[in-house]
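# Structural overview for review
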Amino acid sequence: MLSIGVLGTAKNTGKTTTVNALLKCLAGKSLAITSIGFDGEDLDHITGLPKPKVVVEEGTVVATSEQAAKHSTAKLQLLRKLNITTAFGPICLYKVRQSGTVVLVGPNNSEDLLMLKDVLKSEQTEIFLVDGAINRVVPFQHVEFVILALGASRSTSIDVLLTEARVIVKALRLPLSEDDRNVIEGLVSQDKMKSLRNERISVESPMHLLLAEDLADLERSLDELDIAVLRRPELICVTINPYYPARRMEGFVLDHMDLTELSRTIEQELNVPCLDVMKEEERLCRILEEKIRGLK
């Protein structure tokens, strides 16, 4: 089974749009989907603007809570209840019997995600999609591939978005640990990293570094430290969302900015495909097909 995480760097960065595009690209395969945490509200609770919903086709396996399943428009058949609890009730596996939207409430820690992966392997799942955001990133250490969803809702500064992309990509490309290093377990703060400048260290995954508040400071540490990781997903591509909620006198409205230059710079400087899913869904499908074909 291949697992792919879609990692949004903030709210409204296009994560759900990317997930829906992936579901279309992978139609015909045995698919399962969940979210690290909660995804699927109708309106953003801060801006009041409508949010896209995850749309699943017949045959897809959905891992979500009983309570969340009741708010899905897709017709869901219960397969089994899992020993994974959330604030929204236990996680269950459902088979989609009629296409529609789903509200996703999934495991919120690494152990539960690993348990779910084991269950899905026994269900003969080919590809497992995991939706998540940067503030709940640690479980992503256990997916094989990741797609980074950047957007103007994070910042309307191209420099800020480029710095964010560069630091995350740099963290995801840290070398794998192959020798005797000082292994630092758990989340690693900037203060902790600075105290380890003269050591050769390994951290559990890049995700254990990415909760840093100051990404520029994290980048300096990544450049200066002799650091490796025990495990990491491979970055497939970056998606960008030019739309963002802008505050006006009458409240929030949807606005947009041109991210063409950001996309071009990410491709040239970071050597990673970068695309606007709304305009380049076919390209995303081709990138995905090539990645899957290369694994065979």
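Above: the structure in question.
Let us look at the structure shown here.

### Some details on the side chain of S110
Within the element layout of this structure, S110 appears in helix α3 (residues 110-122). Reaching out from S110, the side chain makes a polar contact with the side chain of Q141 at a distance of 3.0 Å. With residues near it in sequence (within four places) discarded, S110 still touches V138, P139, Q141 and H142.

### Quick notes on unusual backbone geometry
A positive phi angle, near 65 degrees, is found at Q124, a position not held by glycine. Looking at the secondary structure, you find Q124 in the loop between α3 and β10 (127-133). With a relative accessible area of 60%, Q124 lands in the exposed category. Phi angles above zero are rare outside glycine, and N271 is one such case at about 55 degrees.

### Quick word on helix α6 (residues 215-224)
Considered for burial, the residues of α6 that qualify are L215, D217, L218, E219, S221 and L222. Lining the buried residues of α6 we find α4 (158-172) and α5 (190-194). Of the residues flanking the start of α6, the one acting as N-cap is D214, its side-chain oxygen 3.1 Å from the backbone nitrogen of A216.

### So, the packing of helix α1 (residues 15-25) against helix α8 (residues 281-295)
Axis separation between α1 and α8 bottoms out at 10 Å; the angle between their running directions is 60 degrees. Relative to α8, α1 is oriented so that their crossing is right-handed. Residue-level inspection shows T18, A21, L22, K24 and C25 of α1 in contact with α8, the latter providing E281, L284, C285 and L288. Of the residues that constitute the contact of α1 with α8, the class distribution is six nonpolar, one polar and two charged.

### So, the sheet that holds strand β2 (residues 31-35)
Pairing is mixed across the open sheet formed by nine strands, whose spatial order is β6-β7-β5-β2-β10-β1-β11-β15-β18. Each edge of the sheet is formed by a strand with only one pairing partner; in this case those strands are β6 (75-86) and β18 (274-275). Pairing analysis gives seven bridges linking strand β11 (residues 145-151) to strand β15 (residues 234-241), with the strands arranged parallel. Looking at β15, one finds that V146 is bridged to L235. Contacting β1 (2-8), β2, β10, β11 and β15, α1 crosses the sheet at an angle of about 175 degrees to β10. The strands touched by α4 within the sheet are β11 and β15, with β11 carrying the most contacts at an inclination of about 170 degrees.

### Considerations on the pairing of β6
Here eight bridges tie β6 to strand β7 (residues 89-98), and the two strands are oriented antiparallel to one another. Counted as the bridge partner of T86 is G89 from β7. In sequence, β6 turns back onto β7 through a hairpin of two residues.

### As for the packing of α4 against helix α7 (residues 260-270)
Packing of α4 against α7 brings their axes to within 11 Å, and their N-to-C directions diverge by 30 degrees. Taken together, the axis directions place α4 and α7 in an arrangement best described as roughly parallel. Crossing of α4 against α7: the hand is right-handed. Across from I158, L161, L162, A165, R166 and V169 in α4, the residues of α7 making contact are L262, T265, I266, E269 and L270. Classifying every residue of the contact of α4 with α7 by side-chain character gives eight nonpolar, one polar and two charged.

Rules behind the numbers
- Residues numbered from 1 in each chain as written.
- Predicted model: local features only at pLDDT ≥ 70, side-chain atom pairs only at ≥ 80, totals over all residues.
- Heavy atoms only, no water.
- Helix = DSSP H or I, 4+ residues; strand = E, 2+ residues; numbered from the N terminus.
- Polar contact = N/O pair within 3.5 Å; in protein donor to acceptor, adjacent residues only side chain to side chain.
- Contact = heavy atoms within 4.5 Å.
- Buried < 20%, exposed > 50% of the residue type's maximum accessible area, 1.4 Å probe, protein only.
- Axes fitted to C-alpha atoms, helices over the stretch in contact; angles between N-to-C directions.
- Left-handed = near helix turned anticlockwise from the far one by under 90°.
- Nonpolar A, V, L, I, M, F, W, Y, C, P; charged D, E, K, R; others polar.
- Pairing = 2+ DSSP bridges.
- Parallel < 35°, antiparallel > 145°, perpendicular 65-115°, else oblique.

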